[in-house]
Amino acid sequence: MHNRVQKKDGGLIGMAEQEVTLMKGNEAIARAAVRCGVDGYFGYPITPQSEIIETLALDKPWETTGMVVLQAESEVAAINMVYGAAGAGKRAFTSSSSPGVALMQEGISYLAGAELPGVFVNVQRGGPGLGTIQPSQSDYFQATRGGGNGDYHVIVLAPASVQEMADFVDLAFTLAFKYRNPAMILSDGVIGQMMEKVVLPPYKPRRTEEEIMEECPWATSGRRNSRQPNIITSLELKPEEMEKRNVHLQAKYEEIQKNEVRYETIQCDDAEYIIVAFGSAARIAQKAIETARAQGIKVGLFRPITLWPFPAGEIAGLAHGKKGVLVAEINAGQMVQDVRLAINGEEPVEYFGRLGGIVPEPDEIVNALKTKLM
Amino acid sequence: MKKEIIISGFGGQGVLSMGKILAYSGLMEGKEVTWMPAYGPEQRGGTANVTVIVSDDKISSPILSQYDVAIVLNQPSLDKFESKIKPGGILIYDGFGIINPPTRGDISVYRVDAMDKAAEMKNAKVFNMIVLGAFLSVCPIISYEGMEKALFKTLPERHHGLIPLNMEALRVGGETILRMK
């Protein structure tokens, strides 16, 4: 992408100096996972993300790093295997596409309730139901609102390139362990299936049992030296205790919102209009911006990288005094609700999207900008 | 330099592979590349297409409204993509099975009878390299040497014996291509 990735505190997500290769976004996820010391992958194939488990099967990491790769009997089993591994302090993840991720929601809610650092990847396809195998961003609500039962959030990272597919694996694990909270990579069929240049992260060894016990004193890593048993559960039958747990979770979410907002801005300095888009839609929007600027329209891009926590304050600040904001997303208008909440009626906010597996073309976004805001 | 290319044909013609070879060659020459396939079930027996972008600068969208170059290998692909070529752009088609030839006057139109040539060479598998050779002769974004290097890099060593045949097919493509308008 044109600009460096900005973190709220001004830090940068660095890139390692290594060999440049060409691969699909799905392959990048698998290869990055092996390199960043992941202990286990549990998954069940589904288009358009099956290359993740296929690549792992091809690369056989169990022969090199000792990473476990297992095809589970279902998505429900896969997410609960992640629950078990994360409960033991291991770096474990699963991946699926929209209908499969729907099946996982119970397990994800349990991970959130038990405060376990599991990671999962959703390479979205169009729904509802079994839907289509073509790309979509229609799981935004499910991803950012929790998805399962209860008051909870998962950390949601939205890669817009094959490079970010690789980079966000380690980032997702880092954040998941930092906050003892599930983290998700929300991608789609475009980013999963396309090939681009990528520099994979440098190899990092899997943590030893001692290192896991030091990093995760809460883990059920085997009771030694007569310490008190660690108990991993999301169940608490006393409502007074359960409310305390919920208050604790909410305080944690507030902390995450304060520390972990990530976003990118492109050509916003002189912009009169702003397009807000994430993931593959942000790439298409960038082309729309090239076209619009060639026609003399001053427009810039705001790309949320974390969808939860959502960069609400940053969007409101950037949009202030602009002529209008267009939210372009490959769904029926989901993120536009968060953008409208952020801007709170100060500036006009319009939505454009395509549905059911149709990916919008750049010119359609330019036309929407003109017809809805100008 | 930036070329936005669509390659489209029947599933099984090697459309995705052609795109891959092009993308790898671009990578080897230090360019930015994206390769975006249509990955639907229509790939078997129906039409398949892939968008390849090769550029000196960072690439924004892998999804495009219009293309600099369309390489079309059957009638449905020609019908679908002729109208999506930028004015002044390039259309290359294989004449095999084309009943309604292209009509646009504001683009350069080339025909390469790669199916026939591959049959002449008694090797149907070199079909897509003939098409690529034809493309590179009118749009030399990557040198033949660059293509050769990419083949050595991307093919497993046991297939390296086939590289001279593939390079010959590239040259045949360059000699076979005809300017129609």
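Residues numbered from 1 in each chain as written. Chains lettered and ligands numbered in written order. Predicted model: local features only at pLDDT ≥ 70, side-chain atom pairs only at ≥ 80, totals over all residues.

Novice: I keep staring at the overall build of chain A and nothing clicks. Help me out?
Specialist: For chain A, the count of helices and strands is 13 helices and 15 strands. Its C-alpha atoms give chain A a radius of gyration of 21 Å, within 12% of the compact-globule value 21 Å for 374 residues. Projecting the C-alpha coordinates of chain A onto the three principal axes gives extents of approximately 70 × 50 × 40 Å. Expressed as a percentage of its 374 residues, the buried residues of chain A come to 54%. If you take every contact in chain A between residues at least 6 apart in sequence, the share linking residues at least 24 apart comes to 79%. (Helix = DSSP H or I, 4+ residues; strand = E, 2+ residues; numbered from the N terminus. Rg over C-alpha atoms; globule rule 2.2 N^0.38 Å. Buried ≥ 20, exposed ≤ 12 C-beta atoms within 10 Å, placed from the backbone. Contact = placed C-beta atoms within 7 Å.)

Novice: Explain the packing of helix α1 (residues 25-35) of chain A against helix α2 (residues 51-59) of chain A here, please?
Specialist: Helix-helix packing is described using two parameters, namely the angle between the two axes and the distance between the axes. All names here are of chain A. Their axes nearest at 8 Å, the elements α1 and α2 cross at an angle of 45 degrees. Taken together, α1 and α2 sit at an angle that is classed as oblique. Between α1 and α2 the crossing geometry is right-handed. Residues Asn-26, Glu-27, Ile-29, Ala-30, Arg-31 and Val-34 of α1 form the contact with α2, whose own contacting residues are Glu-51, Ile-52, Thr-55, Leu-56 and Asp-59. Within the contact of α1 with α2, the residues separate by chemical class into five nonpolar, two polar and four charged. (Axes fitted to C-alpha atoms, helices over the stretch in contact; angles between N-to-C directions. Parallel < 35°, antiparallel > 145°, perpendicular 65-115°, else oblique. Left-handed = near helix turned anticlockwise from the far one by under 90°. Nonpolar A, V, L, I, M, F, W, Y, C, P; charged D, E, K, R; others polar.)

Novice: Whenever I open this one, the sheet that holds strand β1 (residues 2-10) of chain B confuses me. Can you help?
Specialist: Either a parallel or an antiparallel arrangement is found when strands of a sheet pair, and the pairing is made through backbone hydrogen bonds. Reading across from one edge, β2(A)-β9(A)-β2(B)-β3(B)-β1(B)-β4(B)-β5(B)-β6(B)-β7(B) is the order of the nine strands in this open sheet, with mixed pairing throughout. In this open sheet, the two strands that pair with only one neighbour each are β2 (20-24) of chain A together with β7 (178-179) of chain B. Bridge analysis of β1 of chain B against strand β4 (residues 67-72) of chain B gives four bridges, and the strand direction is parallel. Counterpart to Ser-8 of chain B in the pairing with β4 of chain B is Val-72 of chain B. (Pairing = 2+ DSSP bridges.)

Novice: What's the story with the interface of chain A and chain B in this structure? I'm lost.
Specialist: Many authors give the size of an interface as the accessible area that is lost as the parts come together. Contacts between the two partners involve 22 residues from chain A and, on the opposite side, 18 residues from chain B. Counting only elements with at least two residues in the side of chain A that touches chain B, the list comes to α7 (189-193), β9 (195-199), α10 (279-294) and α13 (362-373) of chain A. Counting residues per element, the side of chain A that touches chain B draws most heavily on α10 of chain A, which supplies five residues. Classifying every residue of the side of chain A that touches chain B gives ten nonpolar, five polar and seven charged. Of the pairings in the sheet, the one linking β9 of chain A to strand β2 (residues 32-37) of chain B comprises two bridges and is antiparallel in character. Looking at the pairing, Met-195 of chain A lines up with Trp-35 of chain B of β2 of chain B.

Novice: Looking at this structure, how should I read the sheet that holds strand β6 (residues 119-124) of chain A?
Specialist: Residue and element names in this part refer to chain A. Ordered by their spatial adjacency, seven strands build an open sheet running β4-β3-β5-β6-β8-β7-β13, and the pairing between neighbours is mixed. Strands with a single pairing partner mark the edges of an open sheet, and in this sheet they are β4 (68-71) and β13 (306-308). The sheet shows a mean angle of 20 degrees between the axes of neighbouring strands, direction not considered. Bridging between strand β7 (residues 155-157) and β13 involves two bridges; their strand directions are antiparallel.

Novice: What should I look at first to understand unusual backbone geometry in this one?
Specialist: Apart from glycine, the bulk of residues carry a negative phi angle, and the bulk of peptide bonds sit in the trans form. The amide bond that connects Thr-47 of chain A to the next residue, Pro-48 of chain A, takes the cis arrangement and shows omega of 5 degrees. Residue placement: Pro-48 of chain A occurs in the loop between β3 (40-43) and α2. The residue after Trp-308 of chain A, namely Pro-309 of chain A, is reached through a cis peptide bond having omega 0 degrees. Tracing the backbone shows Pro-309 of chain A in the loop between β13 and α11 (312-319). Phi at Gln-267 of chain A is positive, roughly 55 degrees, even though this residue is not glycine. Position of Gln-267 of chain A relative to the elements: it lies in the loop between β10 (262-266) and β11 (273-276). Of note, the phi angle at Lys-122 of chain B is positive, near 55 degrees, even though the residue is not glycine. Note on placement: Lys-122 of chain B falls in the loop between α3 (114-120) and α4 (127-138).

Novice: I keep staring at α11 of chain A and nothing clicks. Help me out?
Specialist: Residues that lie three or four places apart on an α-helix share one face, since the helix turns once every 3.6 residues. Residues and elements named next belong to chain A. Buried within α11 we find Ile-315, Leu-318 and Ala-319. Mapping the buried residues of α11 onto a view down its axis gives an arc of 95 degrees, with all of them on the same face. Looking at α11, the residues exposed on the side facing more than 90 degrees away from the buried face are Gly-313 and Gly-317. Along its buried surface, α11 packs onto β10, β11, β12 (299-304), β14 (324-328) and α12 (335-343). (Arc of directions from axis to C-beta.)

Novice: Mind showing me how you'd approach the domain arrangement of chain A here?
Specialist: Residues and elements named next belong to chain A. Domains assigned within chain A are domain 1 (6-209) and domain 2 (264-373). Each of domain 1 and domain 2 has a C-alpha centre, and these two points are 26 Å apart. Contact with domain 1, which involves 26 residues of that partner, is made by 22 residues of domain 2. Element by element, the count of residues in the side of domain 1 that touches domain 2 is highest for helix α5 (residues 140-144), at four residues. Considered class by class, the residues forming the side of domain 1 that touches domain 2 number 14 nonpolar, ten polar and two charged. (Domains from an automatic or database assignment.)

Novice: Quick question: what am I supposed to make of the packing of α11 of chain A against α12 of chain A here?
Specialist: Residues and elements named next belong to chain A. Direction vectors running N to C along α11 and α12 enclose 65 degrees, while the axes themselves pass 8 Å from each other. Taken as axis vectors, α11 and α12 run roughly perpendicular relative to one another. Where α11 crosses over α12, the two elements pack in a sense that is right-handed. Touching Ala-312, Ile-315, Ala-316 and Ala-319 of α11 are Asp-338, Val-339, Leu-341, Ala-342 and Ile-343, all from α12. Considering only residue class, the contact of α11 with α12 consists of eight nonpolar, no polar and one charged.

Novice: Looking at this structure, how should I read α12 of chain A?
Specialist: Residue and element names in this part refer to chain A. Inspection of α12 places Met-335, Val-336, Asp-338, Val-339, Ala-342 and Ile-343 among the buried residues, and these make up the whole buried set. Down the axis of α12, the buried side of the element spans an arc of 160 degrees, and every buried residue falls inside it. If you follow the buried residues of α12, they end up packed against α5, β11, α11, β14 and β15 (349-352). A positive backbone phi angle near 55 degrees is found at Asn-344, which sits one or two residues after α12.

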